[in-house]
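Remarks on the overall topology
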Amino acid sequence: MKTELKFYTIEEICKGFIYNELEGKGLFGLNGRLTIQPEYQRNYIYADGRKDVAVIDSILKGYPIGLIYFVKTPDSRLEILDGQQRITSIGRFVTRRFAIEINDRFQYLDSLPKDVAQNFLQTKLTFYECEGTETEIKEWFKTINIAGVPLNEQELLNAIYSGPFVTKAKEYFSNSRNAKIMIWSDFIVGKVNRQDYLKTALEWISFHQKITVEQYMGQHRNDDNIVELQGYFDEVINWIDSTFKKIIPELRGLEWGRIYETYHRNPYNVDESWNRIEELLDDDFVTNRKGIFEYVLGGEQDKTLLNIRIFDERTKKSVYKKQTDEAEKEHKSNCPLCALSDTTNKTKIWKISEMDADHVTAWSKGGSTDITNCQMLCKTHNRAKGNK
């Protein structure tokens, strides 16, 4: 890859600057010659009143803000390889998108003293203009650390598989003005500008097709639409929304792609299912509330999903002592089920390490997890008893 050192003033960089508020990205600079957010770049994430302000404050104080890398395109235009967040912050400040606090007053560029504003605009920034193949450029892009905020996995994949498909996908899944995000956020944990919703959509459809996200993006890289991706994503969201009567925090962040594929063909009585879900949510012995939904969808077979609170050590020791004392007096096994058998274990006194705490009345049948419903069984009988 060839590189050439260049210097541009802020005024030159920001000439013709355009910022798209709808999509949250800077588009052009250098009087239209510079593309600030090419397809492989992430969304603008500095608009938080801290990072964007820090960039401007550093320049006003004469601090360096680091090298910025441009890439030359075949038509002699330029694209930002590294520095998009900094350039967009500068452009937004120059075009009055935000103010900074100076001496307890919020000021825009044109409200600063003229000499201060002029010095700001004439500040020279250092750039490397790079020229190379697409493979070289994207490989370099993958290794770059942008102002302490490294690219996440999906942002890297967007860069590697940039093209019309990624552009369309970002327009839909990474647009903070998309009203559907309010619905999606009931079931998905993430941030729009860090590609979390796009990442989720890709994971769901890749799981459905039994391929990796990378394979899916590679197969569809040159597609000019996202009909399949959007359609499947909406299908999953609609199924979740119609299967559960209420929206509660525990629904967020579950493996909905896998859960949908596993259970969506089964019929459910929505009212009965929700009543059972509420019962389990109110059960103090259920410690994994997020597992309740799949537990109910699966016909209440896999109790490991609930992580039911087990008997504590104090309870086990107390019950073990009581059973053992009584067993020794009656010359029988301290495992109640061994004592009823005709085996050589009928009179065996087991060590506490050789026994497990068991619900006398199974938890699934209403038995509580307290000392009145606890018995110690040898490990063999405890495994055999199961849910009886």
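Scroll up a little and you will see the structure.
Structural notes, computed from the coordinates. Position numbers for residues start from 1 in each chain and track the written sequence from start to end. Since the coordinates come from a predicted model, pLDDT governs what is reported: local features require at least 70, and pairs of side-chain atoms require 80 or more to be given and counted, while whole-chain, interface and lining totals use all residues. With hydrogens and water excluded, all non-hydrogen atoms of the structure serve as input to the side-chain values.

**Points about the overall build of the protein chain**
What the protein chain contains, in helices and strands, is 17 helices and eleven strands. Radius of gyration: C-alpha atoms only; globule rule: 2.2 Å multiplied by the number of residues to the exponent 0.38. Compactness check: the protein chain gives a C-alpha radius of gyration of 31 Å against a globular reference of 21 Å for 388 residues, more than 25% above the reference. The 388 residues of the protein chain split such that 45% are buried. For the protein chain, restricting intrachain contacts to residue pairs at least 6 apart in sequence, the fraction spanning at least 24 positions comes to 64%. When the accessible surface of the protein chain is split by element, carbon and sulfur atoms take 50% of a total near 20400 Å². Across the protein chain, the centroid of the 54 positively charged side chains sits 3 Å from that of the 58 negatively charged ones. A run of H or I in DSSP becomes a helix once it reaches four residues, and a run of E becomes a strand once it reaches two; helices and strands are each numbered from the N terminus. Only protein chains enter the area calculation, which uses a 1.4 Å probe; residues under 20% of their type maximum are buried, those over 50% are exposed, and those in between are partly exposed. Two residues form a contact once any of their heavy atoms are found within 4.5 Å. Residue exposure ignores everything except the shown protein chains as possible cover, and the areas themselves are Shrake-Rupley values with a 1.4 Å probe. Counting rule applied: Lys, Arg positive; Asp, Glu negative; His and chain ends not counted. By convention, the charge on Lys lies at NZ, on Arg at CZ, on Asp at CG and on Glu at CD.

**Section: helix 2 (residues 51-60)**
Within the sequence span of helix 2, burial applies to D52, V55, I56, S58 and I59. Viewed along the axis of helix 2, the buried residues span an arc of 160 degrees, placing them on a single side of the element. Turning to helix 2, the residues buried within the fold contact helix 1 (10-13), helix 3 (84-94), strand 7 (100-102) and helix 4 (114-121). Of the residues one or two after helix 2, G62 is the one with positive phi, at around 80 degrees. The arc in question is the one traced by the directions running from the helix axis out to the C-beta atoms.

**Section: a nonpolar patch on the surface**
Together, L5, F7 and L67 make up an exposed nonpolar region whose accessible area comes to about 270 Å². Mapped onto the elements of the fold, L5 is located in strand 1 (residues 2-9). Patch membership needs two things, relative accessible area over 30% and no salt bridge, and members are linked within 9 Å if like-charged or within 5 Å if nonpolar (Val, Leu, Ile, Met, Phe, Trp, Tyr). Salt bridges, as used here, are contacts in which a Lys or Arg side-chain nitrogen is within 4 Å of a carboxyl oxygen on Asp or Glu.

**Things to note about the nonpolar core**
F173, W184, L229, F244 and W256 are the most contacted members of the largest nonpolar core, which has 52 residues in total. Sorting the residues of this core by element identifies helix 7 (164-173), helix 8 (181-184), helix 9 (196-209), helix 10 (213-220), helix 11 (227-243), helix 12 (256-263), helix 13 (270-281) and helix 14 (292-297) as the ones contributing at least two each. For this core, the element with the highest residue contribution is helix 11, accounting for seven residues. Formed by 29 residues, the second largest nonpolar core is a distinct cluster that contains Y8, I68, I100 and L121. Among the buried residues, those of types Ala, Val, Leu, Ile, Met, Phe, Trp, Tyr and Cys that are joined through side-chain atoms within 4.5 Å form a nonpolar core.

**Re the packing of helix 2 against helix 3**
Each axis is a line fitted through C-alpha atoms, taken for helices only over the stretch in contact, and angles between the N-to-C directions span 0 to 180 degrees. Put simply, helix 2 and helix 3 touch, their axes get as near as 9 Å, and they point 80 degrees apart. When the interaxial angle is binned, helix 2 and helix 3 end up roughly perpendicular. Of the residues in helix 3, those touching helix 2 at D52, V55, I56 and I59 are R86, S89, I90, R92 and F93. Lys, Arg, Asp and Glu make up the charged group, whereas Ala, Val, Leu, Ile, Met, Phe, Trp, Tyr, Cys and Pro make up the nonpolar group; the residues left over, Gly among them, are polar. Broken down by class, the residue content of the contact of helix 2 with helix 3 amounts to five nonpolar, one polar and three charged. Here is the rule for angles: anything less than 35 degrees is roughly parallel, anything more than 145 is roughly antiparallel, 65 through 115 is roughly perpendicular, and the remaining ranges are oblique.

**Considering the packing of aromatic side chains**
Centre distance within 6.5 Å is the pairing criterion for rings of Phe, Tyr and Trp, where only the six-membered ring of Trp is used; planes under 30 degrees apart are then read as stacked, over 60 as edge-to-face, and the remainder as tilted. Considering all chains together, one arrives at 18 aromatic pairs under this definition. Plain terms: the ring middles of W184 and Y197 are 5.8 Å apart, the flat faces sit at 45 degrees to each other, and that makes the pair tilted. Remark: Y197 occurs in helix 9 and W184 occurs in helix 8; sequence separation between them is 13 residues. For W184, a relative accessible area of 2% gives the class buried. Using a relative accessible area of 3% as the deciding quantity, one classes Y197 as buried. Centroid distance W184 to F233: 5.0 Å. Interplanar angle 85 degrees. Geometry classified as edge-to-face.

**Description of the packing of helix 6 (residues 153-160) against helix 9**
When two helices pack together, their arrangement is given by the angle between the helix axes and by the axis-to-axis distance. For the pair helix 6 and helix 9, the least separation of the axes is 9 Å and the interaxial angle reads 75 degrees. In terms of orientation, helix 6 and helix 9 fall into the roughly perpendicular class. Of the residues in helix 9, those in contact with E153, Q154 and N158 of helix 6 are L198, K199 and L202. Here the contact of helix 6 with helix 9 is composed, by residue class, of two nonpolar, two polar and two charged.

**Some thoughts on unusual backbone geometry**
Positive phi outside glycine occurs at R96, with the angle close to 65 degrees. Position of R96 among the secondary structure elements: in the loop between helix 3 and strand 7. The phi torsion at N103 lies on the positive side, around 55 degrees, for a residue other than glycine. Here N103 is to be found in the loop between strand 7 and strand 8 (105-107).

**Re the environment of T304**
Structurally, T304 can be placed in the loop between helix 14 and helix 15 (313-330). For the pair T304 and N288, spaced 16 residues apart in sequence, the C-alpha to C-alpha distance is 9.1 Å. Whenever two N or O atoms come within 3.5 Å, that pair is a polar contact, provided that in protein one can donate a hydrogen and the other can accept it, and provided that, for residues adjacent in sequence, both atoms are side-chain atoms. Of note is the side chain of T304, whose polar atom sits 2.4 Å from the side chain of D302.

**Here we look at the environment of Y69**
Turning to its location among the elements, Y69 is positioned in strand 5 (residues 68-72). Taking relative accessible area as the criterion, Y69 reaches 17% and is therefore assigned buried. Considering only alpha carbons, one finds Y69 and L280, 211 residues apart in sequence, at a separation of 55 Å.

**A look at the pattern of salt bridges**
Taken as a whole and assessed by the stated rule, the structure comprises 19 salt bridges. For K6, the salt bridge identified is with E4, shortest N-O distance 3.6 Å. Judged by relative accessible area, which is 37%, E4 ranks as partly exposed. The residue D57 makes a salt bridge to K61 at a minimum N-O spacing of 3.0 Å.

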